[in-house]
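What the coordinates show
Take a look at the letters that make up each chain.
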Amino acid sequence: MAFWNRKKGNPNQAGEAELDLSRLPKHIGIIMDGNGRWARKRGLPRTAGHAAGAETFRTIAYHCRDLGIPYLTVYAFSTENWKRPAEEVSAIMDLLRKYLLEALAKMEKDGFRIRFLGDITALPPELRDLCLETLETGSHVDAKYQINVCLNYGGRDEIIRAAKAWAKDVADGRVQAEDLTEADFSRYLDSRGVPDPDLVIRPSGELRLSNFLPWQSAYAEFYFTDVLWPDFSPQVLNQAIADFQRRQRRFGGI
Ligand code: FPP
């Protein structure tokens with residue numbers, strides 16, 4: 001039996017949220033935080049927390065697809081995460097490699113594609129090539145669902161790279177500086193063509209954006225929960241969506 005239903009309403013006593021499937025967010029962003037603390041609580045190495053987090057990501061990605069949410073963006077590796085011990089960085093890269101290989105085998109059959117936000121040119125060459133292959137395969141898929149993986153991503157870095165590309169277009173005479181609009185600038189960002197996130201979720205009790213989609217989240221609704229990412233479940237996601245559906249979005253209007 002499905003654990004959500006089609007009626008409007010509040011979460012029921014079992015903590016299962018009732019969702020209005022006609023008013024789902026089109027784009028959910030998730031900061032997958034708390035893997036290290038989850039592992040430490042169990043006396044496990046941090047890398048075990050990331051492995052558990054990668055499993056949670058798979059579950060949540062399928063759940064979003066099954067609900068009919070067209071875009072999911074996850075923060076997998078930030079421009080600051082290179083400061084972590086080499087062993088941890090390499091474990092995260094391995095998990096990503098494993099997931100992309102799996103996704104490559106399923107994308108066409110399952111009708112989804114993967115995009116990357118962030119500077120993938122600076123990744124280890126094998127992973128960078130796998131990302132490029134994933135993009136190429138995805139470009140032929142008639143996808144109803146897109147996962148954006150933020151990889152070597154920082155929102156400020158994305159904006160600076162976009163500004164440089166725009167400045168080059170100005171210098172080369174392709175565009176006029178005084179004509180620039182928000183919509184024009186958005187087309188220089190890694191997220192070009194992707195609608196802004198409606199809902200940004202951060203588990204693990206931290207109440208920060210941490211350089212995750214700062215431009216794109218300008219009008220997003222935020223949902224914070226103490227649940228650590230490896231313990232995050234479809235039920236928690238449904239609660240976040242139900243909460244989102246109770247909010248009034250005014251986009252600066254009244
Ligand atoms: C933040 O938790 C998590 C990360 C920096 C890595 C996220 C990576 C994965 C979930 C695995 C690979 C991803 C995919 C898409 C297959 P933290 O380590 O900062 O946790 P802490 O704050 O408790 O230490």
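First, a word on what this report is: a plain description of the structure on this page. Keep in mind the model is a prediction, meaning the values are calculated, not measured.

Quick look at unusual backbone geometry now. Even without a glycine there, the phi angle at S204 is positive, about 80 degrees. Relative to the assigned elements, S204 resides in the loop between β5 (199–202) and β6 (221–224). According to the relative accessible area criterion, S204 is buried, its value standing at 7%.

Take the packing of aromatic side chains next. Applying the stated rule across the entire model yields eight aromatic pairs. Ring geometry for F77 versus W82: centroids 4.8 Å apart, planes at 75 degrees, classification edge-to-face. Look at F77 and you get buried, because its relative accessible area is 0%. The interplanar angle of 50 degrees and the centroid separation of 5.1 Å between the aromatic rings of F185 and W215 together place this pair among those described as tilted. With F185 in helix α6 (residues 182–186) and W215 in the loop between β5 and β6, this pair connects stretches of sequence that are 30 residues apart. On the basis of relative accessible area, F185 is assigned to the buried category, the value being 9%. Joined through ring pairs, the aromatic side chains of Y75, Y153 and F212 make up one cluster.

In contact at an axis separation of 10 Å, helix α3 (residues 86–110) and helix α4 (residues 125–138) are set at 20 degrees when each is read in the N-to-C sense. Between α3 and α4, the interaxial angle falls into the category roughly parallel. The handedness of the crossing between α3 and α4 is left-handed. Contacts between α3 and α4 pair M93, L96, R97, L100, L101, L104, M107 and E108 from the former with E126, L127, L130, C131, E133, T134, T137 and G138 from the latter. Residue composition of the contact of α3 with α4, grouped by class: nine nonpolar, three polar and four charged.

How each quantity is defined
- Sequence order sets the numbering: in each chain, residues are counted from 1 along the sequence as written.
- Confidence filtering applies because this is a predicted model: local features only for residues at pLDDT of at least 70, side-chain atom pairs given and counted only at 80 or more, and all residues used for totals across whole chains, interfaces and linings.
- In computing side-chain values, all of the structure's heavy atoms are included and hydrogens and water are not.
- Strands here mean DSSP runs of E at least two residues long; helices mean DSSP runs of H or I at least four residues long; both are numbered from the N terminus.
- Exposure classes here rest on a 1.4 Å probe applied to the protein chains alone. A residue is buried below 20% of its type maximum, exposed above 50%, and partly exposed in between.
- Stacked, tilted and edge-to-face are the three classes assigned to paired rings of Phe, Tyr and Trp, where Trp is represented by its six-membered ring and a pair needs centres within 6.5 Å; plane angles under 30 degrees give stacked, over 60 edge-to-face, the rest tilted.
- Working convention: axes come from line fits to C-alpha atoms, limited for helices to the stretch in contact. Angles between N-to-C directions cover 0 to 180 degrees.
- Geometric relationships in this document are graded by angle, where less than 35 degrees denotes roughly parallel, more than 145 denotes roughly antiparallel, 65 to 115 denotes roughly perpendicular, and other angles denote oblique.
- Helix crossings get a hand from a simple test, with the near helix turned counterclockwise from the far one by less than a right angle marking a left-handed crossing and a clockwise turn marking a right-handed one.
- In this description, contact between two residues means that some pair of their heavy atoms is separated by no more than 4.5 Å.
- Under the convention adopted here, Pro, Cys and the residues Ala, Val, Leu, Ile, Met, Phe, Trp and Tyr are nonpolar, Asp, Glu, Lys and Arg are charged, and Gly plus all remaining residues are polar.

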